[in-house]
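# A look at the structure
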Amino acid sequence: LKVQEGGDYHCSYCTIPLGRGKSRNLPVEFILKEAAEIASKGIKEVVLTGVNTGDFGKSTGERFIDLIAGLEKVDGIERFRISSIEPNLLTEEIVKFISQSSKFLPHFHIPLQSGSNKILAAMKRRYNRELFRERIELVRSYMPFAFIGVDIITGFPGEGEEEFQESLMFLEETAPSFLHIFPYSRRQNTPASTFSGQVEESEKNRRVALLSQLSDRLHSNFIELNRSRSERVLFESSVKGGMMYGYTGNYIRIERAYDKNLIGKIVDIVI
């Protein structure tokens, strides 16, 4: 369910403000009607999407917390996920609401982009690593088993080996559940395309490989942390090799023998 479009964040590598315009959204009331229509079709889980979901409300004088509080009351939908929210917009009010919600899941996708304050400043991000760490700790203080996915860009202009190692160390320390890894891509009409210190593609590839290894380890650690815990899984209709799968609230993929009676059902399981 798309709740927001456009962006007011002019990061030095990003073309979204040029291509999609300013941040804007339809009113909460309209989106609640869309959610009710989705629910009428038997859909159990909805993902809220947007360029910058946490920026919701700029064009209507509302707030993101107003939206999720309204969606909580929509009959029929049992699970909501938030696709991505900037760390500086992830407030304690939002985190506390999700921790107490019967529908919003403990699943966070929080862009980091770099663990180096020097690179974050060059990217023109609106936070530093200290604020990011605070937000991770805030989420875990309310939801110790929450899934936290993190976006990371490597090979940004000026990211030398020192800054890359700084990012690696920061990710080791904060230990998110999964990394979404992107090699920096040079885009026309962006300030970063003219920066000195452009990184060779071969070096970007080396760093992506190292980050991928780290992501695999972090994800394995997260699954081990959850092993033997009770969770609820929404099983999907896909079949592969006689198996079906679904995801826990905190986004762990669970497989079991195919049973058509479980399609679209939320089932209690032990991981």
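Residues numbered from 1 in each chain as written. Predicted model: local features only at pLDDT ≥ 70, side-chain atom pairs only at ≥ 80, totals over all residues. Heavy atoms only, no water.

On to the overall build of the protein chain. A count of helical and extended segments in the protein chain gives 8 helices and 9 strands. Here the C-alpha atoms of the protein chain give a radius of gyration of 20 Å, agreeing with the 18 Å that 2.2 N^0.38 yields for 271 residues. Each of the three principal axes of the protein chain carries a C-alpha extent, and together these read 60 × 45 × 35 Å. The buried share of the protein chain, taken over its 271 residues, is 47%. For the protein chain, the accessible area works out to roughly 13,200 Å², and carbon and sulfur atoms hold 51% of it. One way to put it: in the protein chain the 36 positive side-chain charges average out to a point 3 Å from where the 36 negative ones average out. (Helix = DSSP H or I, 4+ residues; strand = E, 2+ residues; numbered from the N terminus. Rg over C-alpha atoms; globule rule 2.2 N^0.38 Å. Buried < 20%, exposed > 50% of the residue type's maximum accessible area, 1.4 Å probe, protein only. Areas by Shrake-Rupley, 256 points an atom, 1.4 Å probe, with all protein chains shown as cover. Lys, Arg positive; Asp, Glu negative; His and termini not counted. Charge placed at Lys NZ, Arg CZ, Asp CG, Glu CD.)

For the rest of this paragraph, the subject is the sheet that holds strand E3 (residues 107–113). Sheet architecture is open: 3 strands sit in the order E3-E4-E5, paired in parallel fashion. One side of each edge strand has no neighbouring strand; the edge strands of this open sheet are E3 and strand E5 (178–183). Adjacent strand axes in the sheet meet at a mean angle of 20° when their direction is disregarded. Where strand E4 (residues 147–154) meets E5, 6 bridges bridge the pair, whose relative direction is parallel. Looking across to E5, one finds that Asp-151 is bridged to His-180. (Pairing = 2+ DSSP bridges. Axes fitted to C-alpha atoms, helices over the stretch in contact; angles between N-to-C directions.)

The contact between helix H4 (residues 92–100) and helix H6 (residues 129–142) brings their axes to 9 Å, and the two run at 30°. It follows from the interaxial angle that H4 and H6 lie roughly parallel. Note that H4 runs across H6; the crossing there is right-handed. Here Glu-92, Val-95, Lys-96 and Ser-99 of H4 come into contact with H6, specifically with Leu-138, Val-139 and Tyr-142. Here the contact of H4 with H6 is composed, by residue class, of 4 nonpolar, 1 polar and 2 charged. (Parallel < 35°, antiparallel > 145°, perpendicular 65-115°, else oblique. Left-handed = near helix turned anticlockwise from the far one by under 90°. Contact = heavy atoms within 4.5 Å. Nonpolar A, V, L, I, M, F, W, Y, C, P; charged D, E, K, R; others polar.)

The next subject is unusual backbone geometry. Not every positive phi belongs to a glycine, and Gln-113 is a case in point at roughly 80°. At Ala-175, a position not held by glycine, the phi torsion is positive, near 50°.

Here we come to the pairing of strand E8 (residues 253–257). Bridge analysis of strand E7 (residues 243–248) against E8 gives 5 bridges, and the strand direction is antiparallel. Paired with Met-244 across the strands is Arg-256, a residue of E8. As consecutive antiparallel partners, E7 and E8 are separated by 4 residues, and within that stretch Tyr-251 has a phi angle of approximately 65°, a positive value.

Put simply, the largest pocket is a space of about 650 Å³. Lining the largest pocket are 26 residues, with Tyr-13, Cys-14, Ile-16, Gln-113 and Ile-153 sitting closest to its centre. For the lining of the largest pocket, the secondary-structure elements that each account for two or more residues are helix H1 (16–20), E3, E4 and E5. In terms of residue class, the lining of the largest pocket is made up of 12 nonpolar, 9 polar and 5 charged. Space inside the second largest pocket adds up to approximately 340 Å³. Along the walls of the second largest pocket sit 20 residues, with Phe-104, Leu-105, Pro-106, Glu-231 and Gly-249 positioned nearest its centre. Mapped by element, the contributors of at least two residues to the lining of the second largest pocket are H4 and strand E6 (230–235). Among the residues forming the lining of the second largest pocket, the class breakdown is 9 nonpolar, 5 polar and 6 charged. (1 Å grid on protein atoms, 1.4 Å probe; cavity = no way out; pocket = protein on both sides within 12 Å on 5 of 7 lines; lining within 4 Å. Points joined across faces, edges and corners; volume = space filled by probe spheres on them.)

Counted according to the given criterion, the structure contains 0 disulfides. Free cysteine: Cys-11, not disulfide-bonded; nearest cysteine sulfur from Cys-14 at 5.9 Å. Residue classification places Cys-14 among the partly exposed residues on the basis of a relative accessible area of 21%. (Disulfide = S-S within 2.5 Å.)

The next point concerns H4. Here H4 has its buried residues at Ile-94, Val-95 and Ile-98. Angularly, the buried residues of H4 cover 95° about the axis, an arc narrow enough to put them on a single face. Buried residues in H4 make contact with helix H3 (64–71), strand E2 (79–82), E3 and H6. (Arc of directions from axis to C-beta.)

Bringing the pairing of strand E1 (residues 45–48) into the picture now. Alternating residues of E1 divide into Val-46 and Leu-48, all buried, and Glu-45 and Val-47, none buried. Pairing of E1 with E2 involves 4 bridges; the strand directions are parallel. Following the sheet pairing, Leu-48 is matched in E2 by Ile-82. The parallel pair E1 and E2, bridged by H3, forms a crossover whose chirality is right-handed. (Right-handed = clockwise from strand over helix to strand, strands pointing away.)

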